[in-house]
Amino acid sequence: MKFTWFNLMPWPHLPDDFRKQHRSVWVDIDPKLYDPVKGHAVYNDYLDMLEYADSLGYDGLGVNEHHQNAYGLMPSPNLMAAAISRRALNAAIVVLGNSLSLYNPPIRVAEEFAMLDVISGGRLVAGFPVGTSMDTNYCYGDIPALTRERYQEAHDLVRKAWRATEPFAWNGRYTKLRYVNPWPKPIQSPPPIHIPGGGSVETYDFCLDNVYSYSYLSFSGYIRAKALLQGYWDRLTERNEPDESPYRAGFAQTICVAETDAEAERLYAPHVNYFFNRCLHIAPGFADAPGYRTIKTIKSGALSQFSPNFEEAAHMSWGDLVEGGFIIAGSPDTVRERMEDMIKGLHVGNIFCLIHVGDMPIDKTKYSTRLFAEKVMPKLRNQWAEYDNDHRFWCKPLDQRATPGPVSARNGSEGNGGAQ
Amino acid sequence: MIRLETIHAPKVDVQVLTGGEGPDLLFLHGAGGLLAEDPLLNALAERFRVHAPLLPGYGDSEECHEIRDMLDFTLHTHDVMTALGLVKPMVVGHSMGGMMAAELAAVMPNDVDRLALICPAGLWLDEHPMPDIFAMVPYELPAVLFHDVEAGAAMMTAGADFSDLDFLQRFLVQNARQLGMAGKILFPIPDRGLAERLYRIKAKTLLIWGASDRLTPLPYADAFRQGIAHSELVVIPEAGHMVPLEQTARVVEAIGRLA
C-alpha cells in the first residue's frame with residue numbers, strides 16, 4: 001500500500017454565512033475574503049503539516065493545482081512541492097498534478113517536474129490532470145472544446161522532451177518550438193505518472209495505453225466511488241490487459257482518526273462541516289463549460305451517475321457523512337475496518353489521505369495524522385502483499401541523496417569571508 | 001415552407017434550412033441554434049429564397065473538429081456559400097451568426113454587398129462587459145435574452161421536460177455540441193479581432209438592435225456603426241437580444257429595406 005498525505009490547502013477563514021452571502025467558493029470568489037497576512041500563517045501551517053507527515057512515515061506528500069479557489073490555495077503546486085522537498089526528506093513528492101494545457105509552452109512542466117525530481121533525489125510522482133472546467137476554462141480561459149486536444153499535444157510534447165537525447169523541433173498545433181531541449185532532465189525516466197480522472201472511457205484507456213495510474217480524486221467518499229472505479233477495472237478486463245495490479249488506481253478519501261468514535265465527532269465535526277458546507281459551495285454555472293466534456297462521456301451517462309450532490313452533503317449530519325462514506329472517521333479500529341472495505345472494494349493500492357479537512361487547526365491535524373500513521377497504517381500495509389513487486393507506479397529515489405547543509409554562518413567554516 | 005437539406009462542404013456535410021422564393025438570402029444563426037419553425041426564417045421566406053446552414057454540431061448535424069478558430073469559421077461559411085451556388089447573396093446574421101457574417105464581409109469584402117447584422121457579437125467594450133452566457137444555467141438565460149422575460153422563458157422551455165432523464169441527456173448532449181462549437185469563437189470573450197477588420201467591409205450594412213438588449217447592449221451597436229463605413233442602425237423598441245423572436249415583423253421590414 002502507498003499512503004499519501006494529501007493537503008488541498010483550503011482557506012480556513014470563510015465567514016459563517018458564506019453560503020448565504022456568496023455565490024461561489026471558486027472562480028469569482030469575493031477577493032475581499034482573502035487576507036495575505038493571515039495567509040502567511042496558513043501556508044506555513046500547511047507546509048508544516050506536510051513535513052510532519054513525512055516524519056511519521058507516510059509514503060507520499062500530495063499537492064495539487066487549483067486556481068481562484070478558496071478550498072485549494074495552490075495555483076502552483078510545484079512551489080509547494082519545492083518548499084517541502086528540502087525538509088521532508090523521505091516521502092515521495094506527489095504532485096497531482098500540473099494541468100498541462102495551462103502551461104505555455106507546456107515544456108514548462110517538463111522543466112519544473114525535472115527540477116523537482118532532481119532536487120528531491122528522484123522522489124517525484126507526477127500527475128497530469130486535464131484540470132477541472134473551473135480551473136481550465138473559467139479561470140484560465142482555455143476554450144472548452146479544444147482543451148482535450150491541447151492537453152493531448154502538451155502531454156506528447158512533455159513525454160518526448162523527457163525521452164529525447166537530442167534537441168528536436170516541435171511543430172504542434174498549439175505549440176511551435178524550434179529547439180526543444182529542456183534542462184535539467186528528471187532522474188527517473190520518466191517519473192511515475194498518475195492521471196486524475198472523472199469516469200470517462202477515454203481517460204481509462206489513456207491510462208491503460210500509457211501504463212499510468214488512474215486516480216479518482218473525489219470528495220464524496222468510497223461508497224459512491226465504486227461505480228466509477230469498477231468502470232475502470234471493467235475496461236481493463238474488456239481490453240484483456242495482463243494484470244490487475246491495484247497500483248494501477250488511486251483514490252482520495254477524507255479520514256479523521258481519534259481515540260474513540262465519539263472523540264472523532266467531537267474534535268472534527270465542525271471542520272468537516274466547514275469543508276462540505278462552505279468549501280464545496282460552487283456556483284452551478286461553473287460546473288462544466290459546454291464542450292469541456294466529450295459527447296461520448298455525456299452519452300455514457302457518467303455525469304449523472306458519478307457527479308456527487310454536494311448540495312445534499314452540505315447539510316448532512318456527521319452520522320450521515322460517516323454512513324454514506326463521505327468520510328472515514330472514528331477510532332483507529334473503526335477507521336481500519338472502513339479502510340479495508342475501501343481498499344478491497346475499490347481494488348486500489350494508492351490512497352490519498354485527506355486528513356486535514358476544511359478549517360482544521362494544526363494541532364488537531366497532527367493528532368489525526370499521527371494516530372493514522374501509528375495505529376492504522378501499519379495494519380493496512382500488507383493489504384496487497386502479492387503486488388509488492390509492482391514498482392511501475394511509484395518513484396524510485398536515489399539510494400544516496402544529498403541532505404540540506406547547515407544554514408547558520410556560525411556553524412560552518414564557510415560564510416564568514418575568512419574573517420578572524 | 002422551410003425544409004432541411006444536406007449539402008457537401010469540403011470539410012463536412014452541412015444541414016441547411018431552406019425555402020421561399022425571391023432573391024437569395026444567407027442566414028447565419030446564433031449560438032442557440034435554429035429550427036425549421038423559426039418565425040424569422042419563415043417570414044423571410046415570404047420575400048426571399050432563404051438558405052440557413054446549421055453550424056456543424058448544431059441540431060443533429062455532424063460535428064467538425066477541424067473548424068477551430070475564427071478563420072476556419074469564416075472559410076467554412078464561404079465554403080458553404082460556394083457549395084450552395086450563391087453569388088453575392090444578402091447576408092443576415094443574428095448574434096454569433098452576426099459575428100460570422102461581419103467576419104465574412106470583412107475577409108471577403110467583394111463577395112458581400114448587402115449585410116444585415118442583428119445584434120451581432122464580435123466586439124468587446126471594457127466599459128460594457130457582456131454577461132457570460134457560458135457560466136449561466138438555462139433558467140438564468142431569459143433575463144439576459146428577452147425584453148419580456150416571462151414570455152421569453154415560456155418560449156425557451158416550450159416542450160421541455162427536464163424531469164425526463166432521456167430528454168435531459170439529449171438536452172445535455174445537444175447543449176455540449178452546440179455551445180461547445182460556439183465557444184470556439186465566443187469563449188471566454190467573444191472577440192477574435194473583428195474590430196481591427198471592420199474597416200474592410202464594403203457592404204451596405206444594416207444594424208438591427210433590440211432596444212433592451214442586455215446581452216449586447218446598445219453601446220455595441222454604436223461601436224459597429226462607427227466601425228463599418230456604409231452602416232445604418234435600426235433600434236427596435238420592446239425587444240431584447242432575441243429581437244428576431246420578439247419583434248419578427250419589424251426585423252423583416254428592416255431587412256426589406258436592404259433588398
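The structure this text deals with has already been given above.
A quick note: this is a predicted structure, and the numbers were derived from the prediction, not measured.

What counts, and where the lines are drawn
Numbers given to residues run from 1 along each chain, matching the order in which its sequence is written. Chains carry letters from A onward and ligands carry numbers from 1 onward, assigned in written order. Local features in this predicted model are restricted to residues of pLDDT 70 or higher, and side-chain atom pairs are both shown and tallied only at a pLDDT of 80 or more, whereas totals for entire chains, interfaces and linings draw on every residue. Only DSSP runs of H or I covering at least 4 residues are called helices, and only runs of E covering at least 2 are called strands; the numbering of each starts at the N terminus. Every radius of gyration here is taken over C-alpha atoms, with the globule rule written as 2.2 Å times N^0.38, N being the number of residues. With C-beta atoms placed from the backbone, a residue is buried if 20 or more other C-beta atoms are within 10 Å of its own, exposed if 12 or fewer are, and partly exposed between those counts. Each residue is represented by a C-beta atom placed from its backbone, and any two residues with such atoms within 7 Å are regarded as in contact. In plain words, the nonpolar core is the set of buried Ala, Val, Leu, Ile, Met, Phe, Trp, Tyr and Cys residues that C-beta atoms within 7 Å link up. All axes here are fitted lines through C-alpha atoms, helices being fitted over the stretch that makes contact, and every angle between N-to-C directions spans 0 to 180 degrees. Just so you know how the angles are binned, under 35 degrees is roughly parallel, over 145 roughly antiparallel, 65 to 115 roughly perpendicular, and the rest oblique. In the scheme used here, Gly and all other residues not listed as nonpolar or charged are polar, with Ala, Val, Leu, Ile, Met, Phe, Trp, Tyr, Cys and Pro taken as nonpolar and Asp, Glu, Lys and Arg as charged.

1. Let's talk about the overall build of chain A
Part 1 of the argument: The secondary structure content of chain A amounts to 15 helices and eleven strands.
Part 2 of the argument: Its C-alpha radius of gyration of 21 Å places chain A within 12% of the 22 Å reference for a compact globule of 420 residues.
Part 3 of the argument: With the principal axes as the frame, chain A shows a C-alpha extent of 65 × 60 × 50 Å.
Part 4 of the argument: Looking at chain A as a whole, 49% of its 420 residues are labelled buried.
Part 5 of the argument: Taking all contacts inside chain A whose residues are at least 6 apart in sequence as the whole, residues at least 24 apart take part in 79%.

2. Digging into the nonpolar core
Part 1 of the argument: Within the largest apolar cluster, 198 residues are counted, with the highest numbers of intra-cluster contacts made by Leu61(A), Phe251(A), Cys353(A), Phe372(A), Ala101(B), Ala105(B) and Ile208(B).
Part 2 of the argument: Every residue in contact with Leu61(A), bar those within four places of it in the chain, is listed here: Thr4(A), Trp5(A), Leu50(A), Ala53(A), Asp54(A), Ile84(A), Ala88(A), Ala91(A), Ile93(A) and Val94(A).

3. A closer look at unusual backbone geometry
Part 1 of the argument: Following Asn104(A), the chain continues into Pro105(A) via a peptide bond in cis, with omega recorded as -5°.
Part 2 of the argument: Here Pro105(A) shows up in the loop between strand E3 (92-95) and helix H4 (107-119).
Part 3 of the argument: For the peptide bond that leads from Trp183(A) to Pro184(A), omega is -5°, which places it in the cis range.
Part 4 of the argument: Secondary-structure assignment places Pro184(A) in the loop between strand E6 (176-180) and strand E7 (193-196).
Part 5 of the argument: The backbone of Ser95(B) sits at a positive phi, close to 60°, despite the residue not being glycine.
Part 6 of the argument: Structurally, Ser95(B) is set in the loop between strand E5 (90-94) and helix H3 (96-107).
Part 7 of the argument: Judged by C-beta crowding, with 30 C-beta atoms within 10 Å, Ser95(B) ranks as buried.

4. Description of the packing of helix H8 (residues 221-238) of chain A against helix H14 (residues 332-346) of chain A
Residue and element names in this part refer to chain A.
Part 1 of the argument: Running from N to C, H8 and H14 point in directions that differ by 10°, and their axes come no closer than 10 Å. Between H8 and H14, the angle is such that the two are roughly parallel. Between H8 and H14, the residues in contact are Tyr222, Ala225, Lys226 and Leu229 and Met342, Gly345 and Leu346, respectively.
Part 2 of the argument: Residue classes in the contact of H8 with H14 are distributed as five nonpolar, one polar and one charged.

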